[in-house]
Amino acid sequence: MSDLPTATLEIDLAALLHNYRALKALAGRAEVAPVVKADAYGLGMAEIAPFLHSHGARTFFVARLEEGIDLRRILRDTSADIYVFDGLRKGQNALFVAHNLRPVLNSLDDYARWITGPSEVVAAAQIDTGMNRLGLRPDQVSQLKSKPNTHRLSLIMSHLACGDQPDHPMNADQLHLFHHHTDGFIGTPKSLANSAGTFMGRDYHFDLVRPGISLYGGGPFGESHPDLRPVAHLSARVLQVRDLKAGDSVGYGAQFTAPSDMTIATIGIGYADGLLRALSGRGHVTIRGRRRPILGRISMDVTSIDVTGLNVQTGDKAVLFGDSPTLDEQATAAQTISYELLTRLGSRFERTYKRI
Ligand SMILES: *Cc1c(COP(=O)(O)O)cnc(C)c1O
């Protein structure tokens, strides 16, 4: 068994395609533009973006300029549109030209840099409809109307603060504000929805939707969604099995004490691999078809699980997330969100792409 990797992240491209198509079906006539920032949420932009491109995606979003430069090189298609959420900072115009990238203008300063810069730079403008994070204030939007004809604005967008809670009144408020301030920009495409917004119905779709997490299998509302399939499957091998007597303790800080005789297994994955330490004593794995708890503290390299009665052997596989438990279940157990579980994934384990 020595040739088996200790831990593996398998990325299921058929599931990714299924989710992309599910989002396209929901979005109707709106374009589905994948968000591939943060290395495609930890799953590998170099694989994910060309794959989605080969299935028809022509517009992509990243956060950092450097991510955009990488993506342009990876995609090879010079006509694909790549937007950079971070904005247009001082001295960046030349890089946006050189790599044919589109800044998302987030302030009047960004806007001034744009219209006084080279006209080859096509841009989006972000309007802050209540999240108070990035974007022009609504009362600044009218200034875009006096934009010189030399520069092309290809998209006006905003971002939902409470999309993961579809009944939250802020969603309708933001939708209303977005209409109020952008309806006057006739002929300029509009975008409001992330994954959650894409699931919230036609009113939220406008011309283009920007899903990230749901492409990668995370539910839009904090739990698994029946329209989506798990893309990321994280598993680790059993390194050792041992029998405990009642009263024996496990791991750092002796945080778990066996209430009775039991069998535990030590699996080869820890917080250095991105298995959040918050899952200590809270998370579960699936091993030999059964769901079993994580015992005591997660260490840097290894984690202990209860395998009493399962006849587990060295080399057996324990699933951290995938079909069961799902990414959302494990994230909930860690009191966080699927996004954090994915983007914290480490680089020490094997990554495999299950191709179609
Ligand atoms: C990250 C991000 C998205 C994608 O959000 P998901 O919830 O992952 O679908 C869309 N728009 C903006 C502005 C973002 O920052």
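About the criteria used
Residues numbered from 1 in each chain as written. Predicted model: local features only at pLDDT ≥ 70, side-chain atom pairs only at ≥ 80, totals over all residues. Heavy atoms only, no water. Helix = DSSP H or I, 4+ residues; strand = E, 2+ residues; numbered from the N terminus. Buried < 20%, exposed > 50% of the residue type's maximum accessible area, 1.4 Å probe, protein only. Contact = heavy atoms within 4.5 Å. Areas by Shrake-Rupley, 256 points an atom, 1.4 Å probe, with all protein chains shown as cover. Lys, Arg positive; Asp, Glu negative; His and termini not counted. Charge placed at Lys NZ, Arg CZ, Asp CG, Glu CD. Pairing = 2+ DSSP bridges. Axes fitted to C-alpha atoms, helices over the stretch in contact; angles between N-to-C directions. Domains from an automatic or database assignment. Buried area = accessible area lost by both parts, 1.4 Å probe. Salt bridge = Lys/Arg side-chain N within 4 Å of Asp/Glu carboxyl O. Near = heavy atom within 4 Å. Polar contact = N/O pair within 3.5 Å; in protein donor to acceptor, adjacent residues only side chain to side chain. Nonpolar A, V, L, I, M, F, W, Y, C, P; charged D, E, K, R; others polar. Core = buried A, V, L, I, M, F, W, Y, C linked by side-chain atoms within 4.5 Å.

**Student:** Got a sec to walk through the overall build of the protein chain? Specific residues and values, please.
**Tutor:** Within the protein chain, the secondary structure is distributed over 10 helices and 18 strands. Principal-axis analysis of the C-alpha atoms places the extent of the protein chain at approximately 75 × 40 × 35 Å. Taking all 356 residues of the protein chain together, the buried fraction comes to 53%. Taking as baseline every contact in the protein chain between residues at least 6 positions apart, the subset at least 24 positions apart corresponds to 65%. Of the roughly 16,000 Å² of accessible surface on the protein chain, a fraction of 48% belongs to carbon and sulfur atoms. Considering the protein chain, the positive charge centre built from 38 side chains and the negative charge centre built from 37 side chains are found 3 Å apart.

**Student:** Please set out the sheet that holds strand 7 (residues 153-157) residue by residue, giving values where relevant.
**Tutor:** Strand order in the open sheet formed by six strands is 3-4-5-6-7-8, with parallel pairing between adjacent strands. The two strands at the open ends of the sheet, each matched to only one other strand, are strand 3 (59-62) and strand 8 (190-191). Pairing between strand 6 (residues 123-126) and strand 7: four bridges, direction parallel. Across the sheet, residue A123 finds its bridge partner in strand 7, namely L153. Taken strand by strand, helix 6 (residues 108-115) contacts strand 5 (102-105), strand 6 and strand 7, and its axis lies near 145° from that of strand 5.

**Student:** Could you give me a rundown of the domain arrangement of the protein chain, with the residues and numbers involved?
**Tutor:** Many descriptions give the size of an interface as the accessible area lost when the pieces come together. Here the domain parsing of the protein chain yields domain 1 (13-209) and domain 2 (232-354). When each unit is reduced to the centre of its C-alpha atoms, the spacing between domain 1 and domain 2 is 37 Å. Contacts between domain 1 and domain 2 engage eight residues on the former and eight residues on the latter. Roughly 740 Å² is buried in total at the junction of domain 1 and domain 2, and carbon and sulfur atoms are behind 63% of that figure. If you sort the residues of domain 1 by the area they bury against domain 2, L13, Y41 and L43 come out on top, with a joint share of 61%. Between domain 1 and domain 2 we count zero salt bridges in total.

**Student:** Tell me about the site of the ligand, and please be specific about residues and values.
**Tutor:** In the neighbourhood of the ligand, 14 residues make up the surrounding shell, with K37, Y41, S195, G212 and Y339 lying closest. For the ligand, an oxygen atom lies 2.7 Å from a polar atom in the side chain of K37. Here the ligand, which alone exposes 390 Å², has 93% of that area covered by the protein. Looking at the shell around the ligand residue by residue, the class counts come to seven nonpolar, four polar and three charged.

**Student:** Residue-level account of the environment of D328, with values.
**Tutor:** With respect to the secondary-structure elements, D328 resides in helix 9 (residues 327-333). Those residues in contact with D328, other than ones at most four positions away along the chain, are G217, G218, G219, G222, E223, S224 and S338.

**Student:** Explain the nonpolar core to me, and be specific about the residues and the numbers.
**Tutor:** Across soluble globular proteins, nonpolar side chains have a tendency to be buried as a group. The biggest cluster of nonpolar side chains holds 100 residues, and the ones touching the most others in it are L43, Y216 and L342. With seven residues, the single largest contributor to this core is helix 1 (residues 13-27). In terms of domain composition, this core takes at least three residues from each of domain 1 (13-209) and domain 2 (232-354). If we skip the residues at most four places from it in the chain, L342 touches Y41, G42, L43, I213, Y216, A232, F321 and L327. Core analysis: the next-biggest nonpolar cluster, separate from the first, contains seven residues, L244, V250, A258 and I264 among them.

**Student:** Describe the pattern of salt bridges, listing the residues and the values that go with them.
**Tutor:** Any two side chains of opposite charge can pair, given that their charged atoms come close. Taken as a whole and judged by the stated rule, the model has 13 salt bridges. Linking R355 and E47 is a salt bridge whose minimum nitrogen-to-oxygen distance equals 3.1 Å. Here R355 is found in the segment after strand 18 (350-354), whereas its partner E47 is found in helix 3 (residues 45-54), with 308 residues between them in sequence. Exposure remark for R355: the relative accessible area of 54% places this residue in the exposed category. Across the pair R292 and D306 runs a salt bridge, and its minimum N-O distance is 3.8 Å. With R292 in strand 15 (residues 290-295) and D306 in strand 16 (residues 303-306), this residue pair connects regions lying 14 residues apart in the sequence. Residue class for D306 comes out buried when judged on its relative accessible area of 15%. Within this structure, D273, D301 and R348 form a network of salt bridges that share partners.

**Student:** Describe unusual backbone geometry, and please don't skip the residues or the numbers.
**Tutor:** In this model, S324 is joined to P325 through a cis peptide bond whose omega is -10°. Secondary-structure assignment places P325 in the loop between strand 17 (317-321) and helix 9. The backbone of N100 shows a phi angle near 50°, a positive value even though the residue is not glycine. Its location among the elements puts N100 in the loop between helix 5 (93-98) and strand 5.

**Student:** Could you give an account of the side chain of T326, naming the residues involved and the relevant values?
**Tutor:** For T326, the location among the structural elements is in the loop between strand 17 and helix 9. A relative accessible area of 16% places T326 in the buried class. If sequence neighbours within four positions are ignored, T326 has contacts with S224 and F321.

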